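# Summary of the model geometry
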Amino acid sequence: MVLADHQIEGVSVIYAKCCMPIHGDPITAHSDTERGIVVHHSRCQQVAPFKQSDSRYLETNWGGDKVNKTYAAHLKIIAENKIGILADVISTFTKRGINIIAVNTKDLDVKFTECNFEIDIDNVEELRKIMQKVRSMKFVESCKRIINDAKTVNEN
Ligand SMILES: [Zn+2]
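Residues numbered from 1 in each chain as written. Predicted model: local features only at pLDDT ≥ 70, side-chain atom pairs only at ≥ 80, totals over all residues.

### Side note on the overall build of the protein
When its secondary structure is counted, the protein shows two helices and ten strands. Walking the protein from its N terminus toward its C terminus, one meets helices and strands in the order β-β-β-β-β-β-β-α-β-β-α-β. Dimensions of the protein along its principal axes, counting C-alpha atoms only, are 50 × 35 × 25 Å. Buried positions account for 26% of the 156 residues belonging to the protein. Counting only contacts in the protein whose residues sit at least 6 apart along the sequence, the fraction spanning at least 24 positions is 62%. (Helix = DSSP H or I, 4+ residues; strand = E, 2+ residues; numbered from the N terminus. Buried ≥ 20, exposed ≤ 12 C-beta atoms within 10 Å, placed from the backbone. Contact = placed C-beta atoms within 7 Å.)

Right under this line is the structure:
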């Protein structure tokens with residue numbers, strides 16, 4: 001099956017909130033009787049254990065979007081707890097025309113703070129570039145994408 005313009009065979013899909021797949025990711029479509037077709041990242045815990053044996057989970061490929069589309073992605077950024085760091089990270093996104101859908105922060109300890117961002121992004125290549133940019137920022141310790149896989153499932 002091919003996913004393009006947020007549709008598979010003419011049917012609009014829903015992107016799973018647990019893993020937030022974006023264009024270019026390996027993806028698995030789950031045919032859900034209540035919600036229709038839900039697209040997950042193939043490494044997501046919600047699909048990875050079932051996709052080999054259950055016919056309701058289908059490996060899907062990305063087609064070319066005809067219209068300029070964006071996708072929501074979840075990033076977790078750990079930064080030193082400095083005044084203005086959140087504003088600096090936000091400005092790194094907005095300077096590149098990346099829309100921020102949601103952000104929340106929590107202090108991990110006296111030194112570090114965790115910022116969870118939901119951003120609009122075109123595809124995995126754009127995401128890779130912006131993550132590199134964020135990682136290169138002063139006071140940023142790490143910038144990871146959250147896709148609900150085995151490594152990150154307990155970090156929400
Ligand atoms: Zn998922």
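### Section: the nonpolar core
Within the largest apolar cluster, 29 residues are counted, with the highest numbers of intra-cluster contacts made by Ile22, Val39, Ala73, Leu75, Ile77, Ile119 and Ile121. When residues of this core are traced back to their parent elements, those giving at least two are β4 (27-32), β7 (71-80), α1 (85-95), β9 (112-121) and α2 (124-135). With five residues, β7 is the largest single contributor of residues to this core. Each of two domains, domain 1 (2-62) and domain 2 (71-155), supplies a minimum of three residues to this core. (Core = buried A, V, L, I, M, F, W, Y, C linked by C-beta atoms within 7 Å. Domains from an automatic or database assignment.)

### Description of the domain arrangement of the protein
By domain assignment, the protein separates into domain 1 (2-62) and domain 2 (71-155). Taken together, the 13 residues of domain 1 in the interface contact 15 residues of domain 2. Split into classes, the residues belonging to the side of domain 1 that touches domain 2 amount to six nonpolar, five polar and two charged. (Nonpolar A, V, L, I, M, F, W, Y, C, P; charged D, E, K, R; others polar.)

### Considerations on the sheet that holds strand β2 (residues 7-8)
The strands making up a sheet are joined through hydrogen bonds of the backbone, oriented either antiparallel or parallel. Taken in spatial order, the six strands of this closed barrel run β1-β2-β3-β5-β4-β6, and their pairing is mixed. Alignment of strand β1 (residues 2-4) against strand β6 (residues 57-62), held across two bridges, turns out to be parallel. When the sheet's bridge partners are listed, Leu3 is paired in β6 with Trp62. (Pairing = 2+ DSSP bridges.)

### Observations concerning the pairing of strand β5 (residues 36-41)
One ladder, built from three bridges, connects strand β3 (residues 11-15) with β5; its direction is parallel. Among the inter-strand pairings, Ile14 is bridged to a residue of β5, identified as Val38. Inspection of the sheet shows β4 paired to β5 by six bridges, in the antiparallel sense. Note that in β5 the partner of Ser31 across the bridge is Ile37.

### Examining the sheet that holds strand β8 (residues 100-107)
The strand order β8-β9-β7-β10 describes an open sheet built from four strands, whose pairing is antiparallel. In this open sheet, the two edge strands, each paired with only one partner strand, are β8 and β10 (140-145). Mean inter-strand twist for the sheet, computed between neighbouring axes without regard to direction, equals 15 degrees. Strands β7, β8 and β9 of the sheet are contacted by α1, whose axis makes an angle of about 145 degrees with β7. Relative to the sheet, α2 contacts β7, β9 and β10, its axis offset from that of β10 by approximately 165 degrees. (Axes fitted to C-alpha atoms, helices over the stretch in contact; angles between N-to-C directions.)

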